[in-house]
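If you want the building blocks of each chain, they are given just below.
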Amino acid sequence: MAVAKNKPASEPAAPSRDAPGIAEFSKEQELTSYREMLLIRRFEEKAGQMYGMGLIGGFCHLYIGQEAVVIGMQMAIKTGDQVITGYRDHGHMLACGMDPKGVMAELTGRTHGYSKGKGGSMHMFSVEKGFFGGHGIVAGQVSLGTGLGFINHYRGNDNVSLTYFGDGAANQGQVYESFNMAQLWKLPVVYIIENNRYAMGTAVNRSSAQTDFSKRGLSFNIPGIQVDGMDVRAVKAAGDLAVEWCRAGKGPYILEMMTYRYRGHSMSDPAKYRTREEVEKVRTEHDPIEQVRARLLQKKFASEEDLKKVDAEVRAIVNEAAEFASHDPEPDPSELWTDVLR
Amino acid sequence: MAELTYRDAVARGIAQEMERDNDVVFLGEDIGKAGGVFKATVGLYEKFGPLRVRDTPISEQAILGAAMGAAMTGLKPIAEIMFSDFFAVCFDYIANEFPKSRYMTNGQVKCPLVVRTGNGAGSRFGAQHSQSIENWAMMIPGLKVVAPSTPLDVIGLMAAAVRDPDPVIFFEHKSLYATKGEVPDGEIVDTLGTAKIVRPGKDATILALALMVPRALEAAERLKAEHGIDVEVIDLRSLVPLDTQTVLASVARTHRLFTVEENPRLCGWGAELVSIVADEAFYDLDGPPVRITTPHIPLPAADILEDLALPNAERIADRVRRSLEG
Ligand SMILES: Cc1ncc(C[n+]2csc(CCOP(=O)(O)OP(=O)(O)O)c2C)c(N)n1
Ligand SMILES: [Mg+2]
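The numbering scheme is per chain: residues are counted from 1 as the chain's sequence reads. A letter from A marks each chain and a number from 1 marks each ligand, given out in the order of writing. Per-residue local features of the predicted model are confined to residues with pLDDT of at least 70, and side-chain atom pairs are confined, for both listing and counting, to 80 or more; whole-chain, interface and lining totals are unaffected and use all residues.

Undergrad: How should I be thinking about the overall build of chain A in this particular structure?
TA: The number of helices and strands found in chain A is 11 helices and 7 strands. For the radius of gyration, the atom set is restricted to C-alpha positions; the globular benchmark scales as 2.2 Å times the number of residues to the power 0.38. A compact globule built from 342 residues would reach a C-alpha radius of gyration of about 20 Å, and chain A, at 19 Å, matches this within 12%. When the backbone C-alpha atoms are referred to their principal axes, chain A occupies close to 55 × 55 × 40 Å. Any residue surrounded by 20 or more other C-beta atoms within 10 Å of its C-beta is treated as buried, while 12 or fewer makes it exposed and the intermediate range makes it partly exposed; C-beta atoms here are placed from the backbone. The 342 residues of chain A split such that 57% are buried. Contacts in chain A between residues at least 24 apart in sequence constitute 77% of all its contacts with a sequence separation of at least 6. The helix and strand labels rest on DSSP assignments: H or I over at least four residues marks a helix, E over at least two residues marks a strand, and numbering proceeds from the N terminus. We call two residues in contact when their backbone-placed C-beta atoms lie within 7 Å.

Undergrad: What should I look at first to understand the site of ligand 1 in this one?
TA: By nearness alone, 20 residues border ligand 1, and Val138, Gly166, Gly168, Ala169 and Ala199 of chain A come closest of all. A molecule or strand has a residue near it when that residue's C-beta atom, placed from backbone coordinates, lies within 6 Å of it. Residues near ligand 1 are shared among chains A and B, making this a multi-chain site. Only Asp, Glu, Lys and Arg are considered charged, only Ala, Val, Leu, Ile, Met, Phe, Trp, Tyr, Cys and Pro nonpolar, and every remaining residue, Gly among them, polar. Among the residues forming the shell around ligand 1, the class breakdown is 10 nonpolar, 5 polar and 5 charged.

Undergrad: Mind showing me how you'd approach the interface of chain B and chain A here?
TA: On the side of chain A, 33 residues touch chain B, which itself brings 29 residues to the contact. At 5 residues, helix H11 (residues 303-309) of chain B tops the list of elements feeding residues into the side of chain B that touches chain A.

Undergrad: Help me understand the sheet that holds strand S13 (residues 257-264) of chain B in this model?
TA: Backbone hydrogen bonds hold the strands of a sheet together, and the pairing may be parallel or antiparallel. Residues and elements named next belong to chain B. DSSP bridges decide pairing: two strands pair if at least two such bridges lie between them. In space, the 5 strands of this open sheet follow the order S9-S11-S10-S13-S14, with mixed pairing throughout. Of all strands in the sheet, those bounded by a partner on one side alone are strand S9 (196-199) and strand S14 (290-294). Averaged over all pairs of adjacent strands, the angle between strand axes in this sheet comes to 25 degrees, irrespective of strand direction. Across 4 bridges, the pairing between strand S10 (residues 204-208) and S13 is parallel. Note that in S13 the partner of Ala208 across the bridge is Val260. On the sheet, helix H10 (residues 269-281) packs against S10, S13 and S14 and is oriented at approximately 155 degrees with respect to S13. Only the stretch in contact is used when fitting a helix axis, every axis being a line fitted to C-alpha atoms; angles between N-to-C directions are given from 0 to 180 degrees.

Undergrad: Mind showing me how you'd approach unusual backbone geometry here?
TA: Phi is mostly negative for residues that are not glycine, and the peptide bonds are mostly trans. A cis amide bond, omega 25 degrees, links Gly133 of chain A with the succeeding residue Gly134 of chain A. Following the sequence through the fold, Gly134 of chain A ends up in the loop between helix H4 (100-107) and helix H5 (140-155). Of note, Lys39 of chain B is a non-glycine position whose phi angle comes to about 60 degrees, a positive value. Secondary-structure assignment places Lys39 of chain B in the loop between strand S2 (24-28) and helix H2 (44-52). By C-beta crowding, Lys39 of chain B is classed as partly exposed, having 16 other C-beta atoms within 10 Å. Non-glycine residue Asn106 of chain B carries a positive phi angle of around 60 degrees.

Undergrad: What exactly am I supposed to notice about the domain arrangement of chain B here?
TA: A common measure of how large an interface is: the accessible area buried when the components associate. All names here are of chain B. The assigned domain composition of chain B is domain 1 (2-183) and domain 2 (196-325). Bear in mind that the domain bounds are from an automatic or database domain assignment. Using only C-alpha atoms to locate each centre, domain 1 and domain 2 end up separated by 26 Å. Contact residues are listed per partner, giving 27 residues for domain 1 and 23 residues for domain 2. Put simply, the parts of the chain that give the side of domain 1 that touches domain 2 at least two residues each are helix H6 (134-138), strand S6 (144-146), helix H7 (151-163) and strand S7 (168-173). A breakdown of the residues in the side of domain 1 that touches domain 2 according to their chemical character gives 12 nonpolar, 11 polar and 4 charged.

Undergrad: Hey, could you run me through the environment of Ala322 of chain A in this one?
TA: Residues and elements named next belong to chain A. Relative to the helices and strands, Ala322 is located in helix H11 (residues 304-327). According to the C-beta neighbour criterion, Ala322 is buried, with 22 such atoms within 10 Å. With 279 residues separating them in the primary sequence, Ala322 and Phe43 have C-alpha atoms 8.7 Å apart. Each residue touching Ala322, except ones within four places of it in the same chain, is listed here: Lys46, Met50 and Met104.

Undergrad: Where do I start with the sheet that holds strand S2 (residues 161-166) of chain A in this structure?
TA: Residues and elements named next belong to chain A. Strand order in this open sheet of 5 strands is S1-S2-S3-S7-S6, and the pairing throughout is parallel. Sheet topology places strand S1 (82-84) and strand S6 (224-228) at the edges, where each strand pairs with a single neighbour. Pairwise comparison of adjacent strand axes, ignoring direction, gives a mean angle of 20 degrees for this sheet. Direction of pairing for S1 relative to S2: parallel, over a ladder of 3 bridges. From the neighbouring strand, Val83 faces S2, where its bridge partner is Leu162.

Quick look at the structure:
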């Protein structure tokens, strides 16, 4: 398998020559992806504001810039498939269809948050929606996601596990223990490496001897491709390919998503390790939402008016979530002792 | 004399030792160029350069394993594990390798290294980034364990830890990084295994560590002001070696013992202290020893719940008063 050559961290994301051809989206798909990505973007902006106002405490890792990754992947899976990720998890939860009110209320530490306020930003789950967290230990979720693949294999269903982790997480040992096991047992796991070029303040070329993460499974014979993670169509196409591979019982697949986070690592990170110009360049040339927006208008799938309406609807959902999360009661002190053990 | 934050004291303590000894190296995630996630190591990379201050990949096992390999052969590494919760990710080195090196090699292989780590709660980080795990380290034979509560102690105990021939686990408390204290100029070197009486008193002894020290002191002031109860507060500073003399002598004067622990209740360090006092000074006690701890639960993210979980001055004072009056 040929793989695209290494890209230095300072270059903008570019599609790999090995990625599958990008199928044009239908009107329906363009509109859906636009709306869903916008929901994540606005939700995260609001979470950032609420953090600034002191309504949210602790850690808060925003997903702004990376929206096309989860939305494209979500468009490639079906009910019963599982999703698991690390602490940068708000986008994944919204993509899985979890209630923005419940997510925001967890961020504010309230009673009707998904974990009753006990989990916080990094630790939320919805078994109903197939979302298995929300994990604070970098790369811890990679082995868990492998286990999600194991149950699909064991039950003999054709579901797959989408196991997300970052470029920084890719340097943890259990990632490779998991790769080996998944390939050995032919487990249906799509390992999605969200390469946003930084792990906290460390650029990938300062932490990784092999910065082409799609190659990280080569010694286990796990196929991997680099994908333009800023183009939701490219993500969907790669997702289809990988998911189909897994459903067919051929084992795991690695997708390296070339993406970018616009904000600091968490709300407390001023991101001094990169230039404003670098961020600006990605924003203006590769923004995942702007790309869809431009196509929608250009193909006359929607008018400015239509998009304004979508915008307003999304804002209303986010405002409602924020309102809810600001007024939902604080958890009862007795909750300290619930769900420790049964 | 200068006023220094606990955070700046970490950088000063490390710098003092790196200046003194070229074999001291420092490694960890985002500790160099970024100055540490808690900004406790700002300036070290610029001062000592990338050979001695190394930003590592996110690979805790390799960080500690490499630190030990280098320590076995002559370097004196200081390794950072960003949050103490991540000890669980690399516990093999902490539990099986460092502490057994001297013992299993007939004393040939020494492991003179320091693992420093951000311990404790108070920042609403939730169950996987807030734990107090000093008891995890204390339970392993072959490790030394310190946990300073002031900037001065940070520098002095860091020096003692780096110069010590054995592996030392150095717990910094995340909620103390912003606190300030007076620190004299010049070299500061302290001694491991020495507790400090930070407030003398005659009615009861309170043992505390790290963030629980200022809370115990506040409780002591309240008890004095509101109830005329005069408690002695001891900052243990070091769990291994443990300064039992200072503790036993205090109990012999006050006849009552309280521990204030942030670690969860079962097998917390206070249980060990109570057991030692019961063994060695049972007849000095006028009443049952009392442990004030975080309950035996994972830590919640929500602020009101986290505040409820940790011992605070009010809870400490109340518990001590009820116990002494009861
Ligand atoms: C075991 C462990 N080590 C270190 C950390 C601290 N930490 C949290 S996020 C992070 C960076 C991870 O970067 P990456 O995997 O690229 O994900 P991104 O934040 O870019 O989404 C680090 C070092 C942690 N939470 N867990
Ligand atoms: Mg990253």
